[in-house]
Amino acid sequence: MAYALSEQEIDDYQRDGHLVVRGVLSPGETRELREVVERHAPDAYAPNLEYPQPGKYTISGNQLALHPALAAIAENPAIVDRVEALLGQVAHLSAFVAYIRTPGNKGGGAHNDYKRWRPVGSSMNWLFAIVPLTDFDAEYGPLLVSPGSHKLYRLVDPAARILNVAKPDREQAEPRPNGLDPTH
């Protein structure tokens, strides 16, 4: 594996539920990918907004198939190798989304990424790889994380064949900047 993670990085990920890896893309690669995304931003989905009003715009599904330059992110060995190290298995891409945050965006508020149903033998060993093409800063809004919140789920019925997982209690999670904001 060309882009291995240290045991400490893997331990940190398992403890906190997230890992920040800096310098995955060069400044030139970042600029080129940002230009591709920005060219297609006016076609992005954002209810009740017209680009470039402050907000979060989404390009996903078939729209991304029209933009093969974005495959550079999904196929980048510096990303895929690290994802596979964290999963402990071969990664399979199940969703590919570009979120475009325009200046003045206040963020979407707190939410929890969880899978309610956990069937035995399912593909529930999953993670998000977020590749920011701009800084998470005062202009674009921060990305907040709640370290350890991935361990706060509760099983509704531990004896069930398909496990139903209740959302974590928001009061137990304490969001904080993830380190991508250079002002923190």
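In this text, all values refer to a predicted model and were calculated from it rather than measured experimentally. (Residues numbered from 1 in each chain as written. Predicted model: local features only at pLDDT ≥ 70, side-chain atom pairs only at ≥ 80, totals over all residues. Heavy atoms only, no water.)

J.: Can you lay out helix α1 (residues 7-16) for me, pointing to particular residues and giving the numbers?
T.: Within the sequence span of α1, burial applies to Ile-10, Asp-12, Tyr-13 and Asp-16. Looking straight down α1, one finds its buried side chains confined to an arc of 160 degrees; they lie on one side. Looking at the buried side of α1, the elements it contacts are α5 (77-87). One or two positions beyond α1, positive phi appears at Gly-17, with a value near 85 degrees. (Buried < 20%, exposed > 50% of the residue type's maximum accessible area, 1.4 Å probe, protein only. Helix = DSSP H or I, 4+ residues; strand = E, 2+ residues; numbered from the N terminus. Arc of directions from axis to C-beta. Contact = heavy atoms within 4.5 Å.)

J.: Pulling in residues and values, what's your account of the confidence of the model for the protein?
T.: In the predicted model, the protein carries a mean pLDDT of 80, and the fraction of residues at 70 or more is 76%. Low confidence marks residues 119-123, where pLDDT is under 50. Its contacts with residues over four positions away, or in another chain, come to 3 contacts. Low pLDDT (under 50) marks residues 179-184, which in the prediction has 12 contacts with non-local residues, meaning those over four places away or in another chain. (pLDDT = per-residue confidence, 0-100.)

J.: Describe the environment of Glu-38, listing the residues and the values that go with them.
T.: For Glu-38, the position within the fold is in helix α2 (residues 27-40). Judged by its relative accessible area of 37%, Glu-38 is partly exposed. C-alpha of Glu-38 to C-alpha of Ile-100: the two residues are 62 residues apart in sequence and 7.9 Å apart in space.

J.: Quick one: what's the story with the packing of aromatic side chains, residue by residue and with numbers?
T.: The tally for this structure, following the rule as stated, stands at 2 aromatic pairs. Judged by centre distance (5.2 Å) and plane angle (85 degrees), the ring pair of Trp-126 and Phe-128 falls under edge-to-face. Above the face of the Tyr-99 ring, Lys-56 is positioned so that its terminal group lies 4.6 Å from the ring centre. (Phe/Tyr/Trp six-rings, centres within 6.5 Å; stacked < 30°, edge-to-face > 60°. Lys NZ or Arg CZ within 6 Å of the ring centre and 35° of its normal.)

J.: I'd love a proper account of the side chain of Asp-81, names of residues and values included.
T.: Along the chain, the position of Asp-81 falls in helix α5. Arg-82 provides the closest opposite charge to the buried, salt-bridge-free Asp-81, at an N-O distance of 7.8 Å. Of note is the side chain of Asp-81, whose polar atom sits 3.3 Å from the backbone nitrogen of Tyr-3. (Lys, Arg positive; Asp, Glu negative; His and termini not counted. Salt bridge = Lys/Arg side-chain N within 4 Å of Asp/Glu carboxyl O. Polar contact = N/O pair within 3.5 Å; in protein donor to acceptor, adjacent residues only side chain to side chain.)

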